[in-house]
Amino acid sequence: KKKNKIMIKIRLKKYGRKQQATYRLVVMPSTSKRDGKAIEELGFYNPLTNESNLNADRIKIRLSQGAQPTETVANLLKKANILPK
């Protein structure tokens with residue numbers, strides 16, 4: 001039998017109040033909901049203050065294991081010099 005491989009993504013998980021959303025950078029299967037259970041948390045991003053706190057070591061490990069960042073996360077990682085520009 002074939003095993004279905006689920007793509008693992010690094011993406012943003014929304015939390016916070018209405019109109020004051022902040023996001024956690026998480027690793028989760030691409031098939032799960034935006035706010036579903038994450039495999040691992042890698043940091044956070046606050047778009048209102050443009051503040052971010054990223055665990056660069058763990059992000060690099062996850063990327064080397066084949067996790068794919070979403071477009072928005074890739075832009076954040078480029079700004080933080082974790083991904084090459």
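Residues numbered from 1 in each chain as written. Predicted model: local features only at pLDDT ≥ 70, side-chain atom pairs only at ≥ 80, totals over all residues. Heavy atoms only, no water.

Caption draft 1: Region of the structure containing the side chain of Glu40. Its location among the elements puts Glu40 in strand β3 (residues 40-46). Polar side-chain contacts of Glu40 include one of 2.8 Å to the side chain of Arg62. If near-sequence neighbours (up to four positions away) are discounted, Glu40 is found in contact with Leu25, Val26, Val27, Arg58 and Arg62. (Helix = DSSP H or I, 4+ residues; strand = E, 2+ residues; numbered from the N terminus. Polar contact = N/O pair within 3.5 Å; in protein donor to acceptor, adjacent residues only side chain to side chain. Contact = heavy atoms within 4.5 Å.)

Caption draft 2: Highlighting the environment of Ala80. Here Ala80 lies in the segment after α2 (71-79). Exposure remark for Ala80: the relative accessible area of 37% places this residue in the partly exposed category. Along the sequence, Ala80 and Lys13 sit 67 residues apart, while their C-alpha atoms lie 19 Å from each other. (Buried < 20%, exposed > 50% of the residue type's maximum accessible area, 1.4 Å probe, protein only.)

Caption draft 3: Just the packing of aromatic side chains, in detail. Scanning the entire structure with this criterion turns up zero aromatic pairs. Positioned over the ring face of Tyr15 is Arg24, at 3.9 Å from the centre of the ring. (Phe/Tyr/Trp six-rings, centres within 6.5 Å; stacked < 30°, edge-to-face > 60°. Lys NZ or Arg CZ within 6 Å of the ring centre and 35° of its normal.)

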